[in-house]
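Okay, here's what each chain looks like letter by letter:
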Protein chains: 2
Amino acid sequence: MWILRINMSDLSYKLEDLPEKYKLLYGRALTSQMVYDEVPPLCHALGTNNKLVFSSGVVTGTAAPTSARISVGGKSPLTGGIKEANAGTAWGQDLAKMKIRALVVEGQQVKKDKYWGALIKWDDAAGKPVVEFFEATEHAGKDVYEVYPKVFEKFGEKVSIASIGTAGELGYGNSGIVFNDMARRPSRYAGRGGLGAVMASKRLKFLVLDSKGSPGIEMVDKALFDEGRKKLIDAIRSHPISQPKGGLNSYGTAVLVNILNEAGGLPTRNFSAGRFEGAAKTSGEAIFETNKERMGKDIYNHACSPGCIIQCSNTYYNPDQTEATSCIEYESTWALGANLGVDNLDDIATMVQLCNAYGLDTIETGATLGVAMEGGLLEFSDSKGAIQMIHEMGQGTALGRTLGGGTEVTGKIYGVRRVPAVKGQGMPAYEPRAVKGIGITYATTTMGADHTAGYTICPEILGVSGKLDPLSPEGKAALSRAFQATTAFIDSCGHCLFIAFPILDIASGFEGMIQECNGVLGTNWNADDIVAYGATTLKVERKFNEAAGIGKEADRIPEFMMVEPLPPHNQVFDIPDAALDSVYQDL
Amino acid sequence: MWILRINMSDLSYKLEDLPEKYKLLYGRALTSQMVYDEVPPLCHALGTNNKLVFSSGVVTGTAAPTSARISVGGKSPLTGGIKEANAGTAWGQDLAKMKIRALVVEGQQVKKDKYWGALIKWDDAAGKPVVEFFEATEHAGKDVYEVYPKVFEKFGEKVSIASIGTAGELGYGNSGIVFNDMARRPSRYAGRGGLGAVMASKRLKFLVLDSKGSPGIEMVDKALFDEGRKKLIDAIRSHPISQPKGGLNSYGTAVLVNILNEAGGLPTRNFSAGRFEGAAKTSGEAIFETNKERMGKDIYNHACSPGCIIQCSNTYYNPDQTEATSCIEYESTWALGANLGVDNLDDIATMVQLCNAYGLDTIETGATLGVAMEGGLLEFSDSKGAIQMIHEMGQGTALGRTLGGGTEVTGKIYGVRRVPAVKGQGMPAYEPRAVKGIGITYATTTMGADHTAGYTICPEILGVSGKLDPLSPEGKAALSRAFQATTAFIDSCGHCLFIAFPILDIASGFEGMIQECNGVLGTNWNADDIVAYGATTLKVERKFNEAAGIGKEADRIPEFMMVEPLPPHNQVFDIPDAALDSVYQDL
């Protein structure tokens, strides 16, 4: 196993043996540890001292179900703290198969007149990966949907591509790194926290992986892995949320729209209410029904990446049966729907597609536009105006650049006081006042407001792993802590977070996940070990943030949510500071 | 003595007896203590929980020379931390004469359709000040130079007026509170840190003071005060910097341009060099000579406020002998001159006047435009383009609003890595790499990058209180600490900071300042006591900042200054973190 370092200062690369200390670190555990070890916490996120670290999970590249994840780490230009963003894509599998435990992009081109790509391919004769640099300037400033086919044409349809859009090139805090899905669409984003701008700041436009001939994943105990894999597959296939034609496969993540709306926790019109009268029109069910009407048949969702048996990615079709976009996630239909008072699915699909094409994170975009509407730049529900603003962002007009700075920056510039953000990152699709545990996650995670960092929605809303009252503050700090630690492990093992539904409810599924890892690594982990593994990652991230000046005072929900009661439950966010502080103090 | 509270939520007011605990607190000492006591550190700076506190100094309103200062405190929308900004104006004297130790503006109007003014006048019959509110909506959105004459017309020429420009109304981090000078110009700014936006957020447009009939300042020991006053006057009149027709009276603060340029510490073109080839053309000497040529005689400077015997404020005249602006400070001619590569004094004067007219801080404006030029928005030296950008700021265009967010926000939005700011506030006119002590002040002061917070330029450049090598890091942390503490006292006693030149060099002047205070207060302070008084204020400010999430990691100079050597001395900023941390640890 190697660490592959690409130095953009002089377009060179270096293959290093994996140090012993990183032996058991994969995915987020490794990206966060390496960022902590190598990136000065107070460096400029777009300067030469920041690094991008890519690492796949423990089981990524194996036949483990739903495990083609790639973690990307670095210092975030959005939050100023550490960032791990991940995506589902064959790219993660290709990296792992070439035995590259971590790909580190460091340095930066001093001259800003060119963009570059790096092709990383398996050299069978040498028995190791090699890197070839190529100029990519001609592909800058363009829709990534135009660009990807050309790069596939150049390198072949079997490669995997990571890239950035104009949002990254413009240096936005709202800019992601995009990976191709199974249909070679540039649609799978490591979206949050502005890592696209970090990649662009190095003048790196593409990371192309060609794993042909590569050795694949070695395992210490294949039988144990297979046993675990089977248990996990069974669990996924038998849980109502993750099973074929179940909630996710039928309606995608957007199945949550009606559920959160019913719970009064669907943030509406820049977090001024918890229910949206147009929710049903923007739901997963509406996507399914619209597709059925337009295509004349039931269309179930597809996998974003090879080996996924949950298959939650939808395609949304136009009336003329052409593809509008793929995919509309829950967070996207919320961000660009309820949060803006927009109930028109076609307009939401247009906005999602534009975000993908420009390299923008849909959550940050929607949260930003909500603040812009609050600040009087646009009326709520003006979806055509919102589409125009996304164009301005992608094209880098004066207004577009402000919006590209993200939710908090936009609030600052337009003097808006109701700004739903933590540590500079816009809030996702769950209202802290209506779902207290997720609010604790938003406040305390090292990532800035992020639902995936500790998805307490499982017990608070979905009844997965038991059922808790979402409005009650009781025990929620401990709940968030447990979810955050477990999540940090899942983000490291390589499975998609959505295996959480079956493994939380079905004990053998959870056991299976651990057996898979033990099979690959030869470890003897139990449930306590994986929580400890995750907690170690969280502590490292926390240390980085503290050294970057982001301490516990940043672990807070914005003032307006503590004083404005949210309809329909008329609750404020009432978690005491001491409880918020306990999340990491007691880790 | 009273605390007068104006509550903008319901346009009411309340006169409270001064609590015993505030008995000896004046000026910055009181504004910072009250902000600490009453403002939640994590509140939104433009929300209802922030407060503005105005307080004059110990000797303000007496016959003490050069002592008409007013401190304004609150939570800064620019830095997110505590802010004290002060100005020289009769307004401070009027407040003190009405026995109002602190004027606190709290709450805010919920409806945003109107602006209000408050007239505070002495009611002789009642023996106390009273407040009358008046609607001021008609004056919003206008050049303050148009507005002031109308307000003077309404209330009489003897009143004093505090107000805000469009920058404040637009909610900018770059927005000041303006007070009238002796010619009733709206030109004396408590400029830094965005307190104008705080005032505007409360929908308060004017604070008009009419002190007619007020009792004035009581003194415990008038003879002692008079003795001290005489010593201080003698010192001011005999020091080459502060004496009549001396450096400040002849050339204003802009006398520093050539001095700093010679020292290689005049930040040029967004802090990329320490010398500017056009420096001489933008200097105080050039202002004097240009005026002489245009007006046909030597024109010495005038006082900004009653009782000032230093008289450093210039007026700059157009070729047709009309007034271009008053005044062009050193920091302004630098910010809008060398820092932008501009050497045209007429254009600089135009920019200064526009900043005053729109309510912008000249330092933050220049630092922001430097970053905008670095980011490619404009060529360096394009003064006409810079003028246009200031118009955009004042008028609130999309680009203007971004720039109004200040140096750091602009850098973030335009992906600029060379951003000269600390704690979100743009750096003033002295290069940290060429003058190490002032860099320590920038890094560590509670205020964000601020030269006035600990003006080590005295020994490092001017040879006042001895002469130190500006390039040497030796002993500079202790130096900055001593200057910061003494400054906090001076900002509380009511004298202008410029008495520092004579009192540092002339022992009897220093003694005189303390005697004045002891005469007013009946205290028995010595030199140690006043340093301790200042240190107490710094500690309170520090505690506020820490609770607002601004800890020692924010006490740092931007990365680029630690890696890019600055011509002509080719020095980096090489003060170790431990030395920076020692400034407050050892306070």
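Up top is the structure these notes are about.
Presented here is an overview of the structure given in this document. Not measured: the values here are computed from a predicted model.

## Comments concerning the overall build of chain A
- Scanning chain A from N- to C-terminus turns up 23 helices and 16 strands.
- A principal-axis box enclosing the C-alpha atoms of chain A has dimensions of 65 × 55 × 55 Å.
- Out of the 587 residues in chain A, the part that is buried amounts to 64%.
- Considering only contacts in chain A between residues 6 or more positions apart, those separated by 24 or more positions represent 73%.

## Observations concerning helix α20 (residues 507-521) of chain A
Residue and element names in this part refer to chain A.
- Between its first and last C-alpha atoms α20 spans 21 Å; for 15 residues at 1.5 Å apiece the expected length is 21 Å, and the two agree.
- Burial of α20 is extensive: 11 of the 15 residues sit out of reach of the surface.
- For α20, every residue scored as buried is listed here: G509, F510, G512, M513, I514, Q515, E516, C517, N518, G519 and V520.
- On its buried face, α20 sits against α6 (222-238), α18 (476-493), α19 (500-505) and α21 (527-547).
- Within two residues after α20, G522 carries a phi angle of roughly 75°, on the positive side.

## Let's talk about the sheet that holds strand β8 (residues 128-135) of chain B
Residues and elements named next belong to chain B.
- Ordered in space as β8-β7-β12-β9-β10-β11, the 6 strands form an open sheet in which the pairing is mixed. A strand with exactly one partner marks an edge of an open sheet, and here the two such strands are β8 and β11 (186-190). For this sheet the average axis-to-axis angle between neighbouring strands, irrespective of direction, equals 25°.
- Pairing of strand β7 (residues 116-123) with β8 involves 8 bridges; the strand directions are antiparallel. Bridging from a neighbouring strand, W122 pairs with P129 of β8.
- Its contacts with the sheet put helix α3 (residues 144-155) on β7, β9 (160-163), β10 (177-180), β11 and β12 (204-210), and the angle it makes with β12 is roughly 45°.

## Regarding the interface of chain B and chain A
- Taken residue by residue, the interface counts 28 residues in chain B and 28 residues in chain A.
- Sorting the residues of the side of chain B that touches chain A by element identifies α14 (398-404) and α15 (407-413) of chain B as the ones contributing at least two each.
- The leading source of residues in the side of chain B that touches chain A is α14(B), at 4 residues.

## Some details on helix α6 (residues 222-238) of chain B
All names here are of chain B.
- Between the first and last C-alpha of α6 there are 24 Å, a value that for 17 residues agrees with the 24 Å anticipated at 1.5 Å per step.
- Of all the residues in α6, the buried ones are F225, G228, R229, K231, L232, A235 and I236. Projected down its long axis, α6 shows its buried positions confined to an angular sector of 165°, all on one face. Exposed residues pointing more than 90 degrees away from the buried face of α6 are listed as K222 and A223.
- Contacts from the buried residues of α6 go to α19 (500-505) and α20 (507-521).

## Regarding the sheet that holds strand β5 (residues 82-88) of chain B
Residue and element names in this part refer to chain B.
- Strand order in the open sheet formed by 6 strands is β2-β1-β6-β3-β4-β5, with mixed pairing between adjacent strands. Edge positions in the sheet fall to β2 (12-17) and β5, since each has one partner strand and no second. Each neighbouring strand pair of the sheet contributes to a mean axis angle of 20°, computed without reference to strand direction.
- Here strand β4 (residues 69-75) pairs with β5 via 7 bridges, running antiparallel. When the bridges of β5 are listed, I70 appears paired with A87.

What counts, and at which threshold
- Residues numbered from 1 in each chain as written.
- Chains lettered and ligands numbered in written order.
- Predicted model: local features only at pLDDT ≥ 70, side-chain atom pairs only at ≥ 80, totals over all residues.
- Helix = DSSP H or I, 4+ residues; strand = E, 2+ residues; numbered from the N terminus.
- Buried ≥ 20, exposed ≤ 12 C-beta atoms within 10 Å, placed from the backbone.
- Contact = placed C-beta atoms within 7 Å.
- Expected span 1.5 Å × (residues − 1).
- Pairing = 2+ DSSP bridges.
- Axes fitted to C-alpha atoms, helices over the stretch in contact; angles between N-to-C directions.
- Arc of directions from axis to C-beta.

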